[in-house]
Amino acid sequence: MNIQWYPGHMTKTRRMIAEQIKNVDAVCEIVDARIPVSSRNPDIDELTAGKPRLVVLNRVDQADPEATKHWAAWFRAKGCAVLECDAKSGAGTKQFAAAVRTLLADKLRAYAEKGQNRVVRVMILGVPNVGKSTFINRIAGRKTARTEDRPGVTRAKQWVPIDRGLELLDTPGILWPKFEDQSVGLNLAYTGAVKDEILDVETLGCHLMAYLGTNYPEALKTGYKLPALPERADGEEDVAWGYRLLEAAGKKRGFLISGGEVDTERMAKILLDEYRSGKLGRFTLEVPEGTEQPTTSE
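Here's what I pulled together on the structure shown here.

The rules behind each value
- Residues numbered from 1 in each chain as written.
- Predicted model: local features only at pLDDT ≥ 70, side-chain atom pairs only at ≥ 80, totals over all residues.
- Heavy atoms only, no water.
- Buried < 20%, exposed > 50% of the residue type's maximum accessible area, 1.4 Å probe, protein only.
- Helix = DSSP H or I, 4+ residues; strand = E, 2+ residues; numbered from the N terminus.
- Pairing = 2+ DSSP bridges.
- Axes fitted to C-alpha atoms, helices over the stretch in contact; angles between N-to-C directions.
- Parallel < 35°, antiparallel > 145°, perpendicular 65-115°, else oblique.
- Contact = heavy atoms within 4.5 Å.
- Nonpolar A, V, L, I, M, F, W, Y, C, P; charged D, E, K, R; others polar.
- Core = buried A, V, L, I, M, F, W, Y, C linked by side-chain atoms within 4.5 Å.

1. Focus on the pairing of strand β4 (residues 120-125)
If a strand is regular, its side chains alternate between the two faces of the sheet.
1) Next: Buried residues dominate β4, accounting for five of its six residues.
2) Next: Taken together, the four bridges between strand β1 (residues 26-32) and β4 define a ladder with parallel strand orientation. In the strand pairing of β4, Ala26 is matched with Val122.
3) Next: Sheet topology note: the β4/strand β6 (residues 166-170) ladder contains five bridges and is parallel. Among the inter-strand pairings, Met123 is bridged to a residue of β6, identified as Leu169.

2. Digging into the packing of helix α10 (residues 238-253) against helix α11 (residues 264-277)
1) Next: Between α10 and α11, whose axes approach to 9 Å, the crossing angle comes to 90°. Judged on the interaxial angle alone, α11 and α10 are roughly perpendicular. Contacts between α10 and α11 involve Tyr243, Leu246, Glu247, Ala249, Gly250 and Arg253 from the former and Thr264, Met267, Ala268, Ile270, Leu271 and Glu274 from the latter.
2) Next: Each residue belonging to the contact of α10 with α11 can be placed in one class, and the counts come to seven nonpolar, two polar and three charged.

3. With respect to the packing of helix α7 (residues 182-191) against α11
For any two helices packed against each other, one specifies the inter-axial angle together with the distance between the axes.
1) Next: Viewed as axis vectors pointing N to C, α7 and α11 meet at an angle of 85°, and their least axial separation amounts to 8 Å. Relative to α11, α7 is oriented roughly perpendicular. Between α7 and α11, the contacting residues are Ala189, Tyr190 and Thr191 on the first element and Leu272, Tyr275 and Arg276 on the second.
2) Next: A breakdown of the residues in the contact of α7 with α11 according to their chemical character gives four nonpolar, one polar and one charged.

4. Side note on the side chain of Asp25
1) Next: You can see Asp25 is positioned in the loop between α1 (8-20) and β1.
2) Next: Those residues within four positions of Asp25 in sequence are excluded, and the remaining contacts are Lys51, Pro52, Leu104, Lys107, Tyr111, Val119, Val120 and Arg121.

5. What about the nonpolar core?
1) Next: Core analysis: the biggest nonpolar cluster contains 60 residues, and Cys28, Phe96, Val122, Phe135, Leu168 and Tyr224 have the highest contact counts within it.
2) Next: Per-element accounting of this core gives the leading share, seven residues, to helix α8 (residues 201-215).
3) Next: Those residues within four positions of Val122 in sequence are excluded, and the remaining contacts are Val24, Ala26, Val27, Cys28, Val100, Leu166, Glu167, Leu168 and Leu169.
4) Next: Within the second largest apolar cluster, 11 residues are counted, among which are Leu57, Val60, Cys80 and Val82.

Okay, here's the thing in structure tokens:
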């Protein structure tokens, strides 16, 4: 399932980041705690090289708590500061200003010794629909950035004053032209970072069902009131098994069409909605290398 999505404004965003990076003291990269690697644009490392980095693990309320601990340690080992939060509810966001000032402690100390009281400027980066605008609005304590539950809403940069000593540079979400690893494209699609309009939602639902059936079977059985999941045949591909899982869940929900067939497309849309909202459970879809994949969900 090839997923390619690179709107023209994202090329403009790359250029803007390169031009503005010299005007900021640090970079805050927001990632989805459920898919911390897939929701990072690898170009950002090159574009922001040399700038102190704060990684915000957003939507931790929807991610596996144990996996989030591993990811926080992984990013810290790479020299990044880490903040765990849920921008939607505001949990964890109040620690942002303090985290930035801790990250820039040496620079702020140097300014103070020179008698300078400079405003700290931080560039906010993230792929589309990772919760960047919601995060900024929480930090600012007011609605400064437009938010919608779909990717590609923020289209231009804007400076957002937080207090007398801190300003944020909001930037449009940026993806990359090609996903070399299909799992990256799928993970982004599951979380809504890629527009559903360009995808085969039913096929996407089959892939997600197969993943959850493998790693979180109890959550599927509980969420869709299934006494048991259809067993996976030897050598059965993800889409084929995922389709049978969709059928089982759709039948349980009563999603039947003419002839008694299950409306699997409707079930796929419901699955994606319930996954994205966290209603189905707390899942992390990727873990740091050397770490076991979580297999339970609260």
